[in-house]
Amino acid sequence: MFRPVFIFKILILSLIINFVLIVYFLLQNSRHRFHIVNKNDYYEINDSHSFYGNNRISTNIKIIPMPMIVNVENSILLLSNNFHIKLNQKLTKDLRLALRRYSKYISLLAGISVEINQKSSSSENKLIIDCPLITSKKDKYPKLGEDESYTLNVTKTGSYLYSLSLTGIIRGLSTFVQLIERNTSSDTFYIPLVNIIDRPRFIWRGLLLDVSRHWMPVSVIERTLNAMEFSKLNVLHLHLSDDQGFRVESIEYNLLHDRKDFFTQKDIEHLVEYARQRRIRIIPEFDIPGHTTSWFVGYPELASQPGPYQIGTQWGVMKATMDPTKENTYIFLDKFFKEMTKLFPDPYFHIGGDEVEGSQWTQSLTIQQFINENKLENKHGLQAYFNKRIQKLLKKYGKIMVGWEEILDELHENRTVDKDAVIQAWKSRKAFIQSINKGYKSLLSTGYYLDHLSSSSFHYKTDPILNDELWLFNKEQLSQILGGEACMWSEYVTQNTVDSRIWPRILAIAERFWSSSSITNDNFLYERLFRMNHLLDKIQTGVTHISSYKTQLQNLIIDSNKKLDLLHPLVILADVCEPYGFDQRSQSGKYTSDVSLTTFTDVLQSESELIWKLEKLPINDKAYRDIFQTWSINHLRLRQLFDNININKYKQIWGQDIERLSENLAHTGRIGLRVLDYGTKRILHRDKNNSMNSWPLINWIAHHNNLLNQLENQVYEVRLAAVRPVRRLLNSIQTFV
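Residue positions are given per chain, counting from 1 as you read along its sequence in written order. Local features in this predicted model are restricted to residues of pLDDT 70 or higher, and side-chain atom pairs are both shown and tallied only at a pLDDT of 80 or more, whereas totals for entire chains, interfaces and linings draw on every residue. Hydrogens are left out, water is left out, and the side-chain values use all remaining heavy atoms of the structure.

Attention now moves to the domain arrangement of the chain. It is common to report an interface's size as the accessible area lost on association of the parts. Here the limits of each domain have been adopted from an automatic or database domain assignment. Assigned domains of the chain: these are domain 1 (69-198), domain 2 (204-539) and domain 3 (548-735). Contacts between the two partners involve 29 residues from domain 1 and, on the opposite side, 27 residues from domain 2. Surface buried jointly by domain 1 and domain 2 totals about 2,600 Å² across both partners, of which 52% is contributed by carbon and sulfur atoms. By buried area we mean how much accessible surface two parts lose on assembly, using a 1.4 Å probe and totalling the loss over both. If you sort the residues of domain 1 by the area they bury against domain 2, Y141, L144 and R171 come out on top, with a joint share of 29%. In the sections that follow, a salt bridge refers to a side-chain nitrogen of Lys or Arg positioned within 4 Å of a carboxyl oxygen of Asp or Glu. On the surface where domain 1 and domain 2 come into contact, there are five salt bridges. Contact criterion: two residues are considered in contact whenever any of their non-hydrogen atoms come within 4.5 Å of each other.

Here's what the structure looks like:
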C-alpha cells in the first residue's frame, strides 16, 4: 500500500506536468523563455576558438539529447567540495549503485568530493532526489515503454530531481552531470539555474552492435553500455551469430559457439544485469535462415546442402542457408530457443531473416518439391513458411519475434507472420512505411548505419516520423512506430576501433530518438556532440577512442628512435583527415576477417572536430594564417617518416598512402595562404612573375576549387577534411574586406 503522502505527490506532479505541457504547446512559437530549446539566436558560442571551458560564465544549455522543456534563468549555482546527494526515500540497491556511478562522474568532472546520505542539509551545495515509488529492494527488468520522465530544478537553494521511476532518476542524473560547466578564469565549477521537464519522444532507442564478424569482448559491451546510459539510449541489440562466428555459449549444442571468442552464459547473465542497472534492455539476434555458416560447422545437417562447412572469412552474402523443409531443423531450433530465451529475459527476440541468398534452395530437388507440394511458389514463400514456424516456437517461450524487413517479402497475406511481430527496416524507408501500413510495430534503421561513416549531420536529418509523411498514417499507425536503432556492423572495426566508429556520431541519432523533431540546427548539434565526446572520456565511461588515439598513431611510427619526434606532425595530419566507410573499403576487395585493422584510416576519428571548429570561425579570423602555415610545412616535419629504405614495408603497415596525404595537406595549406593573401593584399600569387596574377578572378577560383577537390579524395579510404575550411574561404572570397 502507498502512503497518502506518496499518492498526493504523484497527483501534484501529474497536475504540474499537464499544466506545463499546455503552456509549452501554447508558447512553443513565442519568444517566451519557456520553450523547446531550438532558438538559434539564444545559443550563441561564447568563444569562437574554444567550445570547452569558457573564460566567462555561460548559462547556455549544452545537453544532448536536448530535454523536452527547458526554462533557463540568467544565474548559476556554484559547486564545491562536500557536495551532497540526498534521497528522500530509503536507498534501494539499484539506486545506490546508480548514485555511486554518478557521484563518481560529478567528482571526476568537477574535481570535488561527493557524499551520498539521507541527512538534511541547509547548504545549496546539494542534489535532493525524490522518487516516491521506489520501494522494492531490486528494480525489475526494464520494460518497453516504461516511464522515463523526470523533472530537474536547479535553484539558488540547491538542485532537485523528481521522478516516479528509477529509470527517470537515471535519465535525470545524466542531464544533471551534463549541466556542469567550468569557469576557467576562477577554476570553479557551476550549474546554470534551470527548470527541466523531460521525457523521450520514442520508447525504443537502440544500438545494434555486431559482435560476430569481429569479436567484441565483455569489456567493450560494458563501456558501450556506460556511454549509452549517459546518452539516454535504452536498447542494446547484440548481433550474436553470422557466417563469421557464433558468439554465445550453448550447453545444449556445444559445437555451435566459437572455440575461443565467445560469451559464456555467465558473461551474458553479467551483461544483462549490467545493462539492467543502467535501465537498458539487451535484445539478442540469432540470424536465420541465412547468414548461418557458423551453425553448420558443428551441425551440417541443418544446412540445405551437405557440408563440410568452414567459418566464413570473406564479407558479403553467403550461400549457406538453413533447410526449412526438414522437421529436424525445428526440433533443433526449439531446444536452442528454450535455452537462449532463459538466458535473455527481454520479451523481444530477433531472428534476423535478412539477405537469404536462396541458391541452395533453388538447386535442391527436395526443397523445390516441398515448395511445390505446399504451394509456396518461390523462396519468399518458403521463408514465410519458416518465419511463421519460428514465430510459433518463440511464442511458446513467451517471446515476441523481431526481424529485418525481408520477413515481410511474401506477398500472400495468409503466409505472413502474425501482427505482433516487430519489423526492422534497414534497406529503404519504403519498407518502413509499408510495414506500418500492414499493421506491424516497426523500427527504423535506414539512415542510421554507423559503419558507413556518414556525417552526424546526415544521421540527424533522418527521423522515424518525417513531417511530409504524416499524412500517410493515422493516429493508431503512428503509435506503431516504436523508434529506431543505429547499426554498428563490424566488418571493418575491431574491439580497438569500434568506439571511434560509434562515438560521438550516435549522439545525433540519440537526440533524434529522444528530443523534439523541431531541434534541427547542425551547429548547435555539433557543439554539444563534441563536448559530450570529451565528457565521455573525462568521466571515465571506458570508451577509448580519445585516450588511445595518440598511442595508436604512434604505433604507425616503426622506428622507435623517431616515435617522439614524429608523433606531433603525424597527429597534425591525422586531426584533419577522416575515414571513408563501408563503401570504399568493401570495394577494395582486400579485406577479410584475417586482415588486421590497424591502419592509418582505422585510427582516425570519424569526424574531425578541428575542421568543424575551423569552418565556424569568422572568415577574417587571424587564426587561419597560423593554421595554414602549420599545414604548409608539416610535410617537412614528417619527412623522416618517409625517408626510409623499408618504405614499402612501412606502407603495408600504414595501409593508406600517408606520404601522399602529407604532401596534399602541405599543398592545401599553401592554397589557404594564397586565398588569405588575396583577401588582404588582392594578389593572386606571391611571385609577381607568376602568370596566375593575370588570370580572371573567376578562373583563379575555379582552378583552386578543382585542385581542392582532387586533394580531398586522392588517397583511397581517407578524406582530407582540411580542404573544407580552405574551400569555404575560397568560395567566400568576395566577402573579404
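What follows is about the environment of F524. Assignment of secondary structure puts F524 in helix α16 (residues 522-538). Relative accessible area decides the class of each residue, using a 1.4 Å probe on protein chains only: under 20% of the type maximum gives buried, over 50% gives exposed, and in between gives partly exposed. Owing to a relative accessible area of 5%, F524 belongs among the buried residues under this scheme. Between the alpha carbons of F524 and K62 there is a distance of 8.4 Å; along the sequence they are 462 residues apart. Only runs of H or I of at least four residues qualify as helices and only runs of E of at least two qualify as strands under DSSP, and these elements are numbered from the N terminus.

The next subject is the environment of N387. With respect to the helices and strands, the residue N387 is situated in helix α10 (residues 379-396). Exposure remark for N387: the relative accessible area of 1% places this residue in the buried category. Along the sequence, N387 and P289 sit 98 residues apart, while their C-alpha atoms lie 8.9 Å from each other. Beyond its immediate sequence surroundings of up to four residues, N387 is in contact with I351, M401, I407 and V417.

A few words now on the layout of surface pockets. Using a 1 Å grid laid over the protein atoms alone, points where a 1.4 Å probe fits but cannot get out form a cavity; open sets with protein on both sides within 12 Å along at least 5 of 7 lines form a pocket; any residue with an atom within 4 Å of a point counts as lining. Grid points are joined across faces, edges and corners, and a volume is the space filled by probe spheres set on the points. In this structure, the largest pocket encloses a volume near 680 Å³. Taken together, 28 residues line the largest pocket, and the ones lying closest to its centre are Y549, V571, D575, E609 and L610. Of all the elements in the fold, those that place two or more residues in the lining of the largest pocket are α16, α17 (549-554), α18 (563-574), α21 (609-616) and α22 (623-642). If one sorts the elements of the lining of the largest pocket by residue count, α18 sits on top with five residues. Considering only residue class, the lining of the largest pocket consists of 14 nonpolar, eight polar and six charged. For the lining of the largest pocket, the two domains that each supply at least three residues are domain 2 (204-539) and domain 3 (548-735). Lys, Arg, Asp and Glu make up the charged group, whereas Ala, Val, Leu, Ile, Met, Phe, Trp, Tyr, Cys and Pro make up the nonpolar group; the residues left over, Gly among them, are polar.

This brings us to the side chain of R223. With respect to the helices, strands and loops of the structure, R223 is situated in helix α4 (residues 218-230). For the purposes of these results, a polar contact is taken to be a pair of N or O atoms within 3.5 Å, where, inside protein, one atom must be able to donate a hydrogen and its partner to accept one; residues adjacent in sequence count only when each atom of the pair is a side-chain atom. Side-chain polar atoms of R223 contact the side chain of D499, separated by 2.8 Å. Filtering out sequence-adjacent residues up to four positions away, R223 remains in contact with Q495, V498, D499, T541, G542, V543 and T544.

Before going further, it helps to spend a moment on empty space enclosed by the protein. In the structure shown here, the tally under the stated rule is four cavities of 30 Å³ or more. Lining the largest cavity are 13 residues, and of these D451, L453, Y492, V493 and R501 lie nearest its centre. Considered class by class, the residues forming the lining of the largest cavity number eight nonpolar, one polar and four charged. Each of domain 2 (204-539) and domain 3 (548-735) accounts for three or more of the residues forming the lining of the largest cavity.

This part is about the pairing of strand β7 (residues 158-162). Judged by how many residues are buried, β7 sits mostly within the fold: four of five residues are covered. One requirement defines pairing of two strands: DSSP has to find at least two bridges between them. With five bridges joining them, strand β6 (residues 150-155) and β7 adopt antiparallel strand pairing. Paired with T151 across the bridge in β7 is Y162.

Moving on, we get to the packing of α21 against helix α26 (residues 723-731). The contact between α21 and α26 brings their axes to 8 Å, and the two run at 10°. One way to sum up the angle between α21 and α26 is to call them roughly parallel. For α21 against α26, the interelement crossing comes out right-handed. Contact with α21, carried on its side by I611, L614 and E615, involves R724, P725 and R728 of α26 and no other residues of that element. Comment: axis = line fitted to C-alpha atoms, over the contacting stretch for helices; angle = value between 0 and 180 degrees taken between N-to-C directions. Note on terminology: angles under 35 degrees are roughly parallel, angles over 145 are roughly antiparallel, angles of 65 to 115 are roughly perpendicular, and the others are oblique. For a crossing to be left-handed, the near helix must be turned anticlockwise from the far one by less than a right angle; the clockwise case is right-handed.

Next up on the list: the packing of aromatic side chains. Two aromatic rings, drawn from Phe, Tyr or Trp (for Trp, its six-membered ring), form a pair once their centres lie within 6.5 Å of each other, and the interplanar angle then sorts them: stacked below 30 degrees, edge-to-face above 60, tilted otherwise. Under the defined criterion, the tally for this structure stands at 36 aromatic pairs. Considering the side-chain rings of F246 and F286, the 5.7 Å spacing of their centres and the 25° angle between planes classify their relative orientation as stacked. Here the residue F246 occupies a position in strand β12 (residues 245-246), and F286 occupies one in strand β13 (residues 281-286), the gap between them amounting to 40 residues. We note that F246, like F286, is buried. For the pair F370 and Y385, a centre-to-centre distance of 5.3 Å together with 65° between the ring planes defines the contact as edge-to-face. Placement of the pair is F370 in helix α9 (residues 365-373) and Y385 in helix α10, with a sequence separation of 15 residues.

Turning next to the pattern of salt bridges. Going through the model one piece at a time under the given rule, you end up with 40 salt bridges. In this structure, the salt-bridge partner of E511 is R528, at a minimum N-O distance of 2.5 Å. Highlighted residues: E511 in helix α15 (residues 506-514) and R528 in helix α16, separated in sequence by 17 residues. We classify E511 as buried; its relative accessible area is 0%. Look at R528 and you get buried, because its relative accessible area is 0%. Bridged by salt links that share partners, the residues D210, R213, D242 and E491 form one connected network.

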